[in-house]
Amino acid sequence: MQKLTKQDMYDILYGCTILGTGGGGKLEKGLALIDKAFNEGKKITLLDLHELPDDALVACPYYCGSVSPTTPEQEEKYKGLPKIDEEPALRAFKVLEEYTGKKFYGAITTELGGSNSAVAFYVAAMLGIYIVDGDPAGRSVPELQHSTFYINGISITPMAVVNEFGDAVIVKNVVNDFRAEAVVRAIAVVSKNQVGVTDHLATGSELRNGVIPGAVTYALKIGRAYREAKENNLDVAEEIASAGKGYVVFKGLVDDLKWEDRDGFTIGETIIKGERKFAGSSYKIWFKNENIISWKDGVVDITVPDLICLIADETMEPVTNPDFKPGLRVSVIGLPAPKEWRTERGLEIFGPKSFGFDVAYQPIENRNVK
């Protein structure tokens, strides 16, 4: 058990943003939620998976939707609708408690991302419950079935879905997590592209065998390495790569960025023109909210489940999709995926072929042997 300070939380959220691989929500929103909780005198207590009582109930609050900014046309569509006075994900957590008639012992993140991880911390803080040191993704992921919950057979239902207008839905049953993804995404599409969700209600004994242990502690490690590199004027990308046992795989200028909002996802590609030792080379990243697959000079370099992370060299800030422009100088960091994703079942759910790429997964360390 660990009481987290505000500095700890900032380090965790910066680490989550880096591990978010371009997705996971906006860091600024995540920091604002944490500031709000601390300003109201709330405390955040991190609990190891092994400290959870076997019968303790833990649920997973988060946001689901596109990471694209809303257009004026979309804003007009929702004009005049009321807005609730609390975070939809917090409301969804309460709605699920009301539906089950039970109080939950703790919350767990749905993925590692600047905003989506913060939501779980915020919910735990506001309700005075624990945040669990585990995660079902170990990074950010675009779809609900991209989860070790799904790998390990932990039911996604019952689930509560709430939008900013106050519409609240309980999903009692779904055929599988792919259907859950379709149902929740459809609600998000008619909810200004974002909904608060709480799902995967599980006991302590189920969680110990169902998620990636120590994921929050890992994000804290990455975030601290990032902050200390900035404070000591070190190469931020190299320090992050070292902390995560990964590699700086490319450096250069963003040459082009194309994206579109499609079916509740932000889908596009980033083209980077190489500089310094990468001069004369190019790097392309395809993303579906998160960075999914990359090519160096037309040859596949990194694929999911391994992580493709970008750092802006001049501001030394993590880069999220699609909020950057051509001309940005970046470093591309590749980090190894948690071992849970490298199993046959994990790759079936979250390997390159699950996104339609006829490419065999190769661990990043095999592609970047020094």
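Our structure's up above, just so we're on the same page.
Now for a quick tour of the structure. Counting from 1, residues in each chain are numbered in the order their sequence is written. Two thresholds apply to this predicted model, a pLDDT of at least 70 for residue-level local features and 80 or more for giving and counting side-chain atom pairs, whereas whole-chain, interface and lining totals are computed over all residues. Computation of side-chain values covers all heavy atoms of the structure but excludes hydrogens and water.

1. Considerations on the overall build of the protein
Move 1: Strands are runs of DSSP state E lasting at least two residues, helices are runs of H or I lasting at least four, and both sets are numbered from the N terminus onward. Per the secondary structure count, the protein includes 12 helices and 18 strands.
Move 2: For the radius of gyration, the atoms used are the C-alpha atoms, and the globule rule reads 2.2 Å times the number of residues raised to 0.38. Taken over C-alpha atoms, the radius of gyration comes to 19 Å for the protein, in line with the 21 Å a tight globule of 370 residues would show.
Move 3: When the backbone C-alpha atoms are referred to their principal axes, the protein occupies close to 60 × 45 × 40 Å.
Move 4: Taking all 370 residues of the protein together, 59% fall into the buried category.
Move 5: Sequence separation of at least 24 residues holds for 72% of the intrachain contacts in the protein that already meet a minimum separation of 6. We call a residue buried when its accessible area falls under 20% of the maximum for its residue type, exposed when it is over 50%, and partly exposed in between, using a 1.4 Å probe and counting protein chains only. Residues are treated as being in contact if the distance between any of their heavy atoms lies within 4.5 Å.

2. Digging into the pattern of salt bridges
Move 1: Salt-bridge detection follows one rule: a side-chain nitrogen of Lys or Arg within 4 Å of a carboxyl oxygen of Asp or Glu. What the rule picks out here adds up to 26 salt bridges.
Move 2: A salt bridge links Lys29 to Glu87; the nearest nitrogen and oxygen atoms lie 3.8 Å apart. Here Glu87 lies in the loop between α3 (72-77) and α4 (88-100) and Lys29 lies in helix α2 (residues 27-39), a separation of 58 residues in the sequence.
Move 3: With a closest N to O distance of 3.4 Å, Arg276 and Asp313 form a salt bridge. Residue Arg276 is found in the loop between β12 (265-274) and β13 (282-288), and its partner Asp313 is found in the loop between β16 (307-312) and β17 (317-318); the two are separated by 37 residues along the sequence.

3. Concerning the sheet that holds strand β11 (residues 247-262)
Move 1: Sheet architecture is open: 8 strands sit in the order β15-β14-β13-β12-β11-β18-β16-β17, paired in antiparallel fashion. Of all the strands in the sheet, the pair left with one neighbour each is β15 (299-303) and β17.
Move 2: Pairs of strands are assigned from DSSP output, requiring at least two bridges between the strands. Pairing geometry for β12 and β13, over 7 bridges, is antiparallel. Within β13, the residue paired with Ile272 across the bridge is Tyr283.

4. With respect to the pairing of β16
For a regular strand, the rule is simple: side chains alternate between the two faces of the sheet.
Move 1: Burial analysis of β16 places 6 of its 6 residues in the buried class, which makes it a mostly covered element.
Move 2: Side-chain alternation along β16 places Leu307, Cys309 and Ile311 on one buried face and Ile308, Leu310 and Ala312 on a second face that is also buried.
Move 3: As defined by bridge partners, β16 adjoins strand β18 (residues 329-335) across 6 bridges and the pair is classed as antiparallel. Note that in β18 the partner of Leu310 across the bridge is Val332.
Move 4: In this sheet, β17 lies alongside β16 in antiparallel orientation, the contact comprising 2 bridges. Bridge assignment links Ala312 to a residue of β17, and that residue is Glu317.
Move 5: Hairpin connection, β16 to β17: the antiparallel pair is bridged by 4 residues, and Met316 has positive phi, about 60°.

5. Here we look at the packing of helix α9 (residues 215-231) against helix α10 (residues 236-243)
Move 1: Where α9 meets α10, the axes come as close as 9 Å, and the angle between the chain directions of the two elements is 150°. In terms of orientation, α9 lies roughly antiparallel with respect to α10. Relative to α10, the crossing made by α9 is right-handed. Of the residues in α10, those in contact with Lys221, Ile222, Ala225, Tyr226, Ala229 and Lys230 of α9 are Val236, Glu239, Ile240 and Ala243. Here an angle of 0 to 180 degrees is reported between the N-to-C directions of two axes, which are lines fitted to C-alpha atoms, with helices fitted over the stretch in contact. When an angle is under 35 degrees it counts as roughly parallel; over 145 it counts as roughly antiparallel; between 65 and 115 it counts as roughly perpendicular; any other value is oblique. The sense of a crossing depends on the near helix, which, turned anticlockwise from the far helix by less than a right angle, makes the crossing left-handed and, turned clockwise, makes it right-handed.

6. Looking at the sheet that holds strand β1 (residues 2-3)
Move 1: Taken in spatial order, the 8 strands line up as β1-β2-β5-β4-β3-β9-β7-β8 in an open sheet, and their pairing is mixed. Each of the sheet's edge strands pairs with one partner strand only, and the pair in question is β1 and β8 (168-171).
Move 2: With 3 bridges connecting them, strand β7 (residues 159-162) and strand β9 (residues 194-203) associate as antiparallel partners. Bridging from a neighbouring strand, Val162 pairs with Gly196 of β9.

7. With respect to helix α1 (residues 6-19)
Move 1: Helix span, expected: 1.5 Å multiplied by one less than the number of residues in the helix. For α1, with 14 residues, the first-to-last C-alpha span of 20 Å sits near the 20 Å given by 1.5 Å per residue.
Move 2: Burial within α1 is extensive, with 11 of its 14 residues counted as buried.
Move 3: Among the residues of α1, those classed as buried are Asp8, Met9, Asp11, Ile12, Leu13, Tyr14, Gly15, Cys16, Thr17, Ile18 and Leu19.
Move 4: Once α1 finishes, Thr21 follows within two positions and takes phi at roughly 50°, a positive value.

8. Re the state of the cysteines
Move 1: Count a disulfide wherever a pair of cysteine sulfur atoms falls within 2.5 Å. In total, this model carries 0 disulfides according to the counting rule given.
Move 2: Cys60 takes part in no disulfide bond, and the closest cysteine sulfur to it belongs to Cys64, at a distance of 11 Å.
Move 3: The buried category is assigned to Cys60, whose relative accessible area is 0%.
Move 4: The thiol of Cys309 is unpaired, and the distance to the nearest cysteine sulfur, on Cys16, comes to 12 Å.
Move 5: Judged by its relative accessible area of 1%, Cys309 is buried.

9. Quick word on the environment of Thr320
Move 1: With respect to the secondary-structure elements, Thr320 resides in the loop between β17 and β18.
Move 2: Counting along the chain gives 296 residues from Thr320 to Gly24, while the straight-line C-alpha distance between them is 8.4 Å.
Move 3: Look past the residues within four positions of Thr320 in its chain and what remains in contact with it is Thr17 and Gly22.

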